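As a plain string of letters, each chain reads:
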Amino acid sequence: DKPGKYSGEKGEWRLWKARAVGWLMAVHPDFGRFLAEAESHQGDMNVPLSLREMSSFLHTELLTWLIGTQLALVLRRLPLGGTETNGFAAWRTLCEEEERMDPVAQVAV
């Protein structure tokens, strides 16, 4: 099942993230590796041509799953022209913000 909506409620991040990653891996097994790489990537994130379809798919899913402040984080990653999207960069931004705010995730690091 899809992970459902995520609003940023305290304490929900880790479970929601696990569900999201699990669902995305059911869609395409390589998503797990690509999401992990996106989370640890430093600097600008250029998506190779071979991954642009997956990146766009991820971005679209994030737009449907997120609400409130979390949705605003992803919308900031939309280009002004509305053309190419970078779902992996949006995922990294969301993870950075949520894990910074989640005291349990901070202890795990």
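Predicted model only: the values in this text are computed from it and were never measured.

Q: Can you tell me about the side chain of Lys-17, naming the residues and giving the values?
A: Considering the arrangement of structural elements, one finds Lys-17 in helix 1 (residues 13–27). A distance of 2.9 Å separates polar atoms of two side chains, one belonging to Lys-17 and the other to Glu-39. One polar contact links Lys-17 to Glu-99, side chain to side chain, over a distance of 2.8 Å. Setting aside residues no more than four positions away along its own chain, Lys-17 makes contact with Glu-39, Trp-91, Cys-95 and Glu-99.

Q: Please give an account of the packing of aromatic side chains that cites residues and values.
A: What the rule picks out here adds up to 10 aromatic pairs. The interplanar angle of 85 degrees and the centroid separation of 5.7 Å between the aromatic rings of Trp-23 and Trp-65 together place this pair among those described as edge-to-face. In this pair, Trp-23 is assigned in helix 1 and Trp-65 in helix 3 (residues 52–65), connecting sequence segments 42 residues apart. You'll find Trp-23 and Trp-65 in the same group, each marked buried. For the ring pair Phe-31 and Phe-88, a centre distance of 6.3 Å and an interplane angle of 45 degrees mean the geometry is tilted.

Reading the values: the criteria
- Residues numbered from 1 in each chain as written.
- Predicted model: local features only at pLDDT ≥ 70, side-chain atom pairs only at ≥ 80, totals over all residues.
- Heavy atoms only, no water.
- Helix = DSSP H or I, 4+ residues; strand = E, 2+ residues; numbered from the N terminus.
- Polar contact = N/O pair within 3.5 Å; in protein donor to acceptor, adjacent residues only side chain to side chain.
- Contact = heavy atoms within 4.5 Å.
- Phe/Tyr/Trp six-rings, centres within 6.5 Å; stacked < 30°, edge-to-face > 60°.
- Buried < 20%, exposed > 50% of the residue type's maximum accessible area, 1.4 Å probe, protein only.

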